[in-house]
Amino acid sequence: LEHKDGVIVGVTVSMYIAFQKQAKYRKMKKTAESAFVKTRKHSNIKTDNDSCIVFTDIQSSTVLRDSSSQLYNEIILVHDGLIRKLLARLGGIELATEGDGFVLWFESVPYATVFCMELQHELMEVSWSPKVVKLCNSAYAQKSPSNILHVSKHSYGASQRSTESNVSGPQSSIFQRLHEKYARVLFRHKKDEKCFNGPRVRCGVHVMRSEENTIDNLALGVYSFSGPDFEMGRVLCDMGRGGQVLVSQQAQRVILDNLNATQFPQIWHWGGYTFDSEGNEEIHHIYEVAPSQGVLKNRNFEGLRGHIQLAYPPGVRLLSLSPPTENSVIVCATVKQNANMGKVAYEIADNLFSEMQQRFWGWRIVPTDLATVDSPSTPERNFSHFSNLGRMSLKREQTSFDSKRRRLGTTKSFARPPTQTRKWFFTFAKPEDALRFALCCQLELVYADWPKHIRTKYKEELSADKAPLWHGLPVAFAVHTCKVPSFELSKTPTLKQSSSLKIAAPCKANLELCNPSKKHVLFSTSATVKETLSILDNVALDGQVVVSSDLIQSLGAPISNIGDPVVEHLGKVALKEFKRPIDVYKLLPVELAARTFPTLSETLRNGSGGHLISVGARSAPPAKIGLTFVFMYTISSADSRDDLNKMKEANQMFSSDSIFDQDHLQSLLTEYKGYIVDEVSLSNLVFAFENVTGAVCFCTTVQRAMVVCKRSKSPSPGAQASGEGGGEGEEGEGE
């Protein structure tokens, strides 16, 4: 009886699970159909300008279908639903389906690129059933997965990946088992993260030129298309492997011009290829894109597919984004408190900055003349291997360049004085990218996995919401624009067509990112970074991002679009590296806005590189008893009615800039503890003072200065009286 009850319970549970699964599939099918109808209903293809086409395909779909038609239908159901859901969100249009693949149209390349990367991410996030996972692993022959991301707290992951890829066969099995067993203990190895999950979809992205291709809407949701770009997109998709997103050379150029819209992807250059077609010797450069965050960028692919011939070898600098030659945005960073941070802490911060640098397409700068000169002899640099610091040909004696290289962690360092500080220098083409880099670095520093001695030295501090506010090494950032930078670019090797010599197809593990990295530096001088470095040394504090007013004005988009940071005007300062005073602002991510710092006046009091001219909004007089407001309205006197019109014109010309010298006005406000509240019009100013005494003294000083100015401009018949008045004014000011 108990056995029968157990059988009944088991059958009931199985039926319930099957029912839930069928209900889930029906819901997914309904969602896919509604998304399909929505995309067809609201389709609006614009062929006036260049657009973009995307081809997708499931790898080994025939094997999946022949192995299990039921599981294959489940895969297709989820696959189609994801594609149509993303199409509805990103504004794409489904032109046709070719078997299990799609032909898609997008208005621009950035939307198409984001769609492909989002599709790969969504496929990874699907909770596939164990049977589907087993089927896919069998179809893709994933017996011992090589696409496993080994995450460790230090630099062990890369070495283990290279070791596992090189170690194979029964002779190395014992070593491999010992290696994996003890490495996890020694290096505090975390769990593996898979780079693939379920079916693998390849994508091809290409630009569709409006004048050479046609798309006809035959009926609701039925399209007819033709043109050379469609053929190129189809070939591009066929060249890729499952889980790979390939883009053409034309699409890659658009991506580089719209890095923010494409979410700052990582790009690899697979080389230049010619296709097997009679009389077609055109070379097509192929690139791969992947998100800069997550595990998708760690996928490894063994070359490209199809009947193709490699004509140009993969090149890092080929058609990549060039460094800025004018209006360059300079970012400087350093640790001011306890400058001798130690080697481990420096390497963690340096690796973090390098990752953010690659993500936001920044270049590392080496200002060679800023290093400490330990030897009078300075050898000439050899530019033959400019792209790799470790291969520079230099003399053995210690030089300023060697000192700076050790400072950037590119060579082994000798004994370093404890007072020596380390600074990072970067440059960006756009101010928005530079701000994103600095703000993201501040966040990543808080959530980094710091060693114990760093956590002990810098105690963790939480916000009111129990979120980390201070954690680990605090770093100061300064951002400013340099109108005429001076960079020495690395030499790009000349790529020659190889028609007679057949080159083996490359492997992605051997490719180098097109994104700039710390291996590819720009050599510069102190003149390029001196202004930004002056802000860093005299204004910025650890944990702050300080920018100049010139950078704020150069932004091409509202600052709220750059992560919506918290902005505070610190004040106006006069620094020795600037010809005129500048306004400085503090920027912080919203998550770190509760950080507290000393005022700018206290910061400049401790330094010697500048002085404060006016305080910022945070240092304005507090709202308390005794707070005094002064309303100033400038009136030009008229001796007759004929001068009334001139008087009105004169009143409209007066402002805080025309009445006073701006620096003198700010120095008076600082002396009497005042603050400009608002300039309502060109001649209507509002000030605030801590007390009545300061307000009266300020008004008296202004009136006396106006009297002196009026008497000094009196006509020649009253020159003697004017001179006497000027003398009295000078005596009064002296008193």
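Overall, mixed pairing links the 10 strands, which are arranged β19-β20-β14-β15-β13-β18-β21-β23-β22-β24 in an open sheet. Unpaired on one side and paired on the other, β19 (487–488) and β24 (610–615) mark the two borders of the sheet. Inspection of the sheet shows strand β22 (residues 566–575) paired to β24 by five bridges, in the antiparallel sense. Across the sheet, the residue bridging to Ala-574 is His-611, located in β24. Relative to strand β15 (residues 423–428), helix α10 (residues 343–359) is tilted by about 0 degrees, and along the sheet it contacts β14 (363–367), β15 and β18 (476–482).

Two elements in contact, helix α3 (residues 69–90) and helix α5 (residues 130–139), have axes separated by 10 Å at closest approach and are oriented at 100 degrees. Looking at the two axes, α3 sits roughly perpendicular to α5. Along the contact surface, α3 presents Leu-71, Glu-74 and Ile-75, while α5 presents Lys-131, Val-132, Leu-135 and Cys-136. Here the residues of the contact of α3 with α5 sort into five nonpolar, no polar and two charged.

Phe-115, Phe-353 and Phe-477 are the most contacted members of the largest nonpolar core, which totals 83 residues. Counting residues per element, this core draws most heavily on α3, at 10 residues. Setting aside its immediate chain neighbours within four residues, Phe-115 contacts Val-54, Ile-83, Leu-86, Leu-87, Leu-90, Leu-104 and Phe-106. Core analysis: the next-biggest nonpolar cluster, separate from the first, contains 25 residues, Ala-478, Leu-533, Ile-535 and Leu-604 among them.

The subject of this paragraph is the state of the cysteines. All chains considered together, the criterion is met by zero disulfides. This cysteine, Cys-52, is not joined by any disulfide, and Cys-116 carries the nearest cysteine sulfur, 7.7 Å off. Its relative accessible area of 0% is what places Cys-52 among the buried residues. Left without a disulfide partner, Cys-441 is nearest to the cysteine sulfur of Cys-440, which lies 7.3 Å away.

In this section: the environment of Ser-67. Counting through the fold element by element, Ser-67 comes out in helix α2 (residues 61–67). By relative accessible area, Ser-67 is classed as partly exposed at 49%. Along the primary structure Ser-67 and Ser-138 are separated by 71 residues, whereas in three dimensions their C-alpha atoms are 9.6 Å apart. Within the structure, Ser-67 has its side chain in polar contact with the backbone oxygen of Val-63 (distance 2.7 Å).

Evaluation of the coordinates by the stated rule reveals 13 salt bridges. Glu-94 serves as the salt-bridge partner of Arg-84, at 3.0 Å between the closest nitrogen and oxygen. Taken as a pair, Arg-84 in helix α3 and Glu-94 in strand β2 (residues 93–98) lie far apart in primary sequence, 10 residues in all. With respect to class, Arg-84 is no different from Glu-94; both count as buried. The salt bridge partner of Arg-209 is Glu-212, with a shortest N-O separation of 3.1 Å. On the basis of relative accessibility, which here comes to 38%, the residue Glu-212 falls in the partly exposed class. Taken together, the salt bridges that share partners define one network made up of Glu-98, Glu-231 and Arg-234.

Taken together, the side chains of Val-9, Val-13, Tyr-16 and Ile-17 present a nonpolar region at the surface, about 400 Å² in accessible area. Structurally, Val-9 is set in helix α1 (residues 2–41). Of the residues examined, Val-9 reaches a relative accessible area of 52% and is grouped as exposed.

Let us look at helix α14 (residues 526–538). Taking the largest bend as the criterion, α14 deviates by roughly 40 degrees, centred on Thr-532. For α14, every residue scored as buried is listed here: Thr-528, Val-529, Thr-532, Leu-533, Ser-534, Ile-535, Leu-536 and Asn-538.

What follows covers helix α9 (residues 249–257). Inspection of α9 places Gln-249, Ala-251, Gln-252, Ile-255 and Leu-256 among the buried residues, and these make up the whole buried set. Looking straight down α9, one finds its buried side chains confined to an arc of 155 degrees; they lie on one side. Of the surrounding secondary structure, the elements contacted by the buried residues of α9 are α4 (109–125), β6 (201–208), β9 (245–247), β10 (266–275) and β11 (284–290).

On inspection of all chains with the given rule, the structure shows 13 aromatic pairs. Measuring from ring centre to ring centre gives 4.9 Å for Phe-353 and Trp-424, while their planes differ by 90 degrees; the resulting arrangement is edge-to-face. Here Phe-353 is found in helix α10, whereas its partner Trp-424 is found in strand β15, with 71 residues between them in sequence. We classify Trp-424 as buried; its relative accessible area is 0%. Linked through ring pairs, Tyr-346, Phe-353, Trp-424, Phe-426, Phe-428, Phe-437 and Phe-477 together constitute an aromatic cluster. Looking at Arg-200, its charged tip hangs above the ring of Phe-196, at a distance of 3.9 Å from the centre. In this structure, Arg-422 is placed above the aromatic ring of Tyr-346, and the distance from its NZ or CZ to the ring centre is 4.3 Å.

This paragraph deals with the pairing of strand β1 (residues 51–58). Among the eight residues that make up β1, eight are buried, leaving the element largely enclosed by the rest of the structure. Of the two faces of β1, the one holding Ser-51, Ile-53, Phe-55 and Asp-57 and the one holding Cys-52, Val-54, Thr-56 and Ile-58 are both buried throughout. With eight bridges joining them, β1 and β6 adopt antiparallel strand pairing. Considered in β6, the bridge of Ser-51 is made with Met-208. Where β1 and strand β3 (residues 101–106) come together, four bridges link them in antiparallel fashion. If you follow Val-54 over to β3, its bridge partner there is Leu-104.

Scoring rules and cut-offs
- Residues numbered from 1 in each chain as written.
- Predicted model: local features only at pLDDT ≥ 70, side-chain atom pairs only at ≥ 80, totals over all residues.
- Heavy atoms only, no water.
- Pairing = 2+ DSSP bridges.
- Helix = DSSP H or I, 4+ residues; strand = E, 2+ residues; numbered from the N terminus.
- Contact = heavy atoms within 4.5 Å.
- Axes fitted to C-alpha atoms, helices over the stretch in contact; angles between N-to-C directions.
- Parallel < 35°, antiparallel > 145°, perpendicular 65-115°, else oblique.
- Nonpolar A, V, L, I, M, F, W, Y, C, P; charged D, E, K, R; others polar.
- Core = buried A, V, L, I, M, F, W, Y, C linked by side-chain atoms within 4.5 Å.
- Buried < 20%, exposed > 50% of the residue type's maximum accessible area, 1.4 Å probe, protein only.
- Disulfide = S-S within 2.5 Å.
- Polar contact = N/O pair within 3.5 Å; in protein donor to acceptor, adjacent residues only side chain to side chain.
- Salt bridge = Lys/Arg side-chain N within 4 Å of Asp/Glu carboxyl O.
- Patch = residues over 30% accessible without salt bridge, like charges linked within 9 Å, V, L, I, M, F, W, Y side chains within 5 Å.
- Areas by Shrake-Rupley, 256 points an atom, 1.4 Å probe, with all protein chains shown as cover.
- Bend = angle between axes of the 7 residues up to and from the residue.
- Arc of directions from axis to C-beta.
- Phe/Tyr/Trp six-rings, centres within 6.5 Å; stacked < 30°, edge-to-face > 60°.
- Lys NZ or Arg CZ within 6 Å of the ring centre and 35° of its normal.

Remember, this is a structural readout, not a statement about activity or role.
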